Amino acid sequence: MVEIIRAENYEELGRIAGEQILRQVEEKRDSVLGLATGGTPRGIYRYLAEKKPDLSRVRTVNLDEYLGLSGGDPRSYHYYMKEYVWEPLEIGRENRLIPDGLCPDAEEECRRYEEQIRVLGGIDLQLLGLGENGHIGFNEPGPAFVCDTHKVCLSPETRAANSRFFGSPEEVPRYALTMGIRTIMRARRILLVVSGGKKAKALQALMGGGVTPQIPVTILLLHPRVTVAADAAALGGKF
Ligand code: PGA
């Protein structure tokens, strides 16, 4: 079941999605929140930082991380989380989980990450952004869905889209670790946030019906509890 909430613009999207997260934490103070990085969630984190909720018992797990970047690298997702989420929202160090971009053995790191999520009791609410190519996390379009946390070769489209944080597409790492489709689908609730006309096509594929690994976000049609919060540009005049 997909519920759609329309926001007028990016700012309102941040408020609406932020309120959804606050409600989750009110219901369960020690929620496990699956969190996303990138441009779209920034407005949500800004809104939450203004509200100053008590998140002292919340545990956070991240969707993905670039391989080859240290946590101290400003372009890593570890750094993003520290800057925009963990520190402003006062999430304790023991409650922060993210794949290690400098792990010596990617397969082992993926196994470890899945196990850590399992030990936490699974994810209560997973926040997702949407790639222009329909990816969720770094689950790129392909012939089949990949289930568990895995190493992924980033598509040229993703490297081009993310080059705005790097300077040029060549500087964007080639590989990343990402939660798999099954890891995401196991979350008890999913909140997909979508902003801007560049995402309209991928969003339309989700709302249009069929599930295909060529547009990974369409898998969400099989999840029992999905909320899509999207701004007017992403909805392209629909709703
Ligand atoms: P964005 O990224 O929020 O920076 O547009 C979304 C994504 O690629 O998942």
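Residues numbered from 1 in each chain as written. Predicted model: local features only at pLDDT ≥ 70, side-chain atom pairs only at ≥ 80, totals over all residues. Heavy atoms only, no water.

Concerning the overall build of the protein
Phase 1: Scanning the protein from N- to C-terminus turns up 8 helices and 10 strands.
Phase 2: For 239 residues, the compact-globule estimate of 2.2 N^0.38 gives 18 Å, and the protein sits close to it at 16 Å.
Phase 3: For the protein, the C-alpha atoms occupy an extent of roughly 45 × 40 × 35 Å along the three principal directions.
Phase 4: When burial is assessed residue by residue, the protein has 55% of its 239 residues classed as buried.
Phase 5: Restricting the contact set of the protein to residue pairs at least 6 apart, pairs at least 24 apart contribute 79%.
Phase 6: Here the protein has roughly 10900 Å² of accessible surface; of this, 51% comes from carbon and sulfur atoms. (Helix = DSSP H or I, 4+ residues; strand = E, 2+ residues; numbered from the N terminus. Rg over C-alpha atoms; globule rule 2.2 N^0.38 Å. Buried < 20%, exposed > 50% of the residue type's maximum accessible area, 1.4 Å probe, protein only. Contact = heavy atoms within 4.5 Å. Areas by Shrake-Rupley, 256 points an atom, 1.4 Å probe, with all protein chains shown as cover.)

Structural notes on the sheet that holds strand β7 (residues 150–153)
Phase 1: On the basis of which strands lie adjacent, the open sheet formed by 3 strands has the order β4-β8-β7 and antiparallel pairing. Either end of the sheet is taken by a strand with one partner, and the two such strands are β4 (64–66) and β7. When the angles between neighbouring strand axes are averaged without regard to direction, this sheet yields 25°.
Phase 2: Alignment of β7 against strand β8 (residues 175–178), held across 4 bridges, turns out to be antiparallel. The residue of β8 that forms the bridge with valine 152 is alanine 176. (Pairing = 2+ DSSP bridges. Axes fitted to C-alpha atoms, helices over the stretch in contact; angles between N-to-C directions.)

Comments concerning the packing of aromatic side chains
Aromatic ring pairs: the centre-centre distance and the angle between the two ring planes describe each pair.
Phase 1: This structure, assessed with the given rule, holds 6 aromatic pairs.
Phase 2: Seen from their ring centres, tyrosine 66 and phenylalanine 138 are 5.6 Å apart, and the 45° between their planes marks the pair as tilted. Of the two residues, tyrosine 66 is situated in strand β4 and phenylalanine 138 in the loop between β6 (125–128) and β7; the sequence distance between them amounts to 72 residues. Across the pair, exposure class does not vary: tyrosine 66 and phenylalanine 138 are buried alike.
Phase 3: Note on tyrosine 80 and tyrosine 84: the rings are 4.9 Å apart at their centroids and 75° apart in plane angle, and the pair reads as edge-to-face. With a gap of 4 residues between them, tyrosine 80 and tyrosine 84 both fall in helix α3 (residues 77–86), about one helical turn apart.
Phase 4: With relative accessibility at 10%, the residue tyrosine 80 sits in the buried group.
Phase 5: Each residue in the set Tyr66, Tyr77, Phe138 and Phe166 is aromatic and connected to the rest through ring pairs, giving one cluster.
Phase 6: The ring of tyrosine 84 is capped by arginine 42, whose NZ or CZ atom sits 3.7 Å from the centre of that ring.
Phase 7: When the ring centre of tyrosine 175 is taken as reference, the NZ or CZ atom of lysine 151 above it lies at 4.6 Å. (Phe/Tyr/Trp six-rings, centres within 6.5 Å; stacked < 30°, edge-to-face > 60°. Lys NZ or Arg CZ within 6 Å of the ring centre and 35° of its normal.)

Some remarks on the site of the ligand
Phase 1: Taken together, the residues surrounding the ligand are Gly38, Gly39, Thr40, Pro41, Gly129, Leu130, Gly131, His135, Arg164 and Lys199.
Phase 2: Between the ligand and lysine 199 there is a distance of 2.7 Å, counted from an oxygen atom to a side-chain nitrogen or oxygen.
Phase 3: Considered class by class, the residues forming the shell around the ligand number 2 nonpolar, 6 polar and 2 charged. (Near = heavy atom within 4 Å. Polar contact = N/O pair within 3.5 Å; in protein donor to acceptor, adjacent residues only side chain to side chain. Nonpolar A, V, L, I, M, F, W, Y, C, P; charged D, E, K, R; others polar.)

Things to note about the pattern of salt bridges
Phase 1: Taken as a whole and assessed by the stated rule, the structure comprises 11 salt bridges.
Phase 2: The closest approach of N and O atoms between glutamate 114 and arginine 186, which form a salt bridge, is 3.1 Å. Of this pair, glutamate 114 sits in helix α4 (residues 106–120) while arginine 186 is found in the loop between α6 (181–185) and β9 (189–194), placing the two residues 72 residues apart along the sequence.
Phase 3: With relative accessibility at 15%, the residue glutamate 114 sits in the buried group.
Phase 4: Here arginine 186 falls in the partly exposed class, since its relative accessible area comes to 49%.
Phase 5: Residues joined in a network through salt bridges with shared partners are Glu114, Asp148, Arg182 and Arg186. (Salt bridge = Lys/Arg side-chain N within 4 Å of Asp/Glu carboxyl O.)

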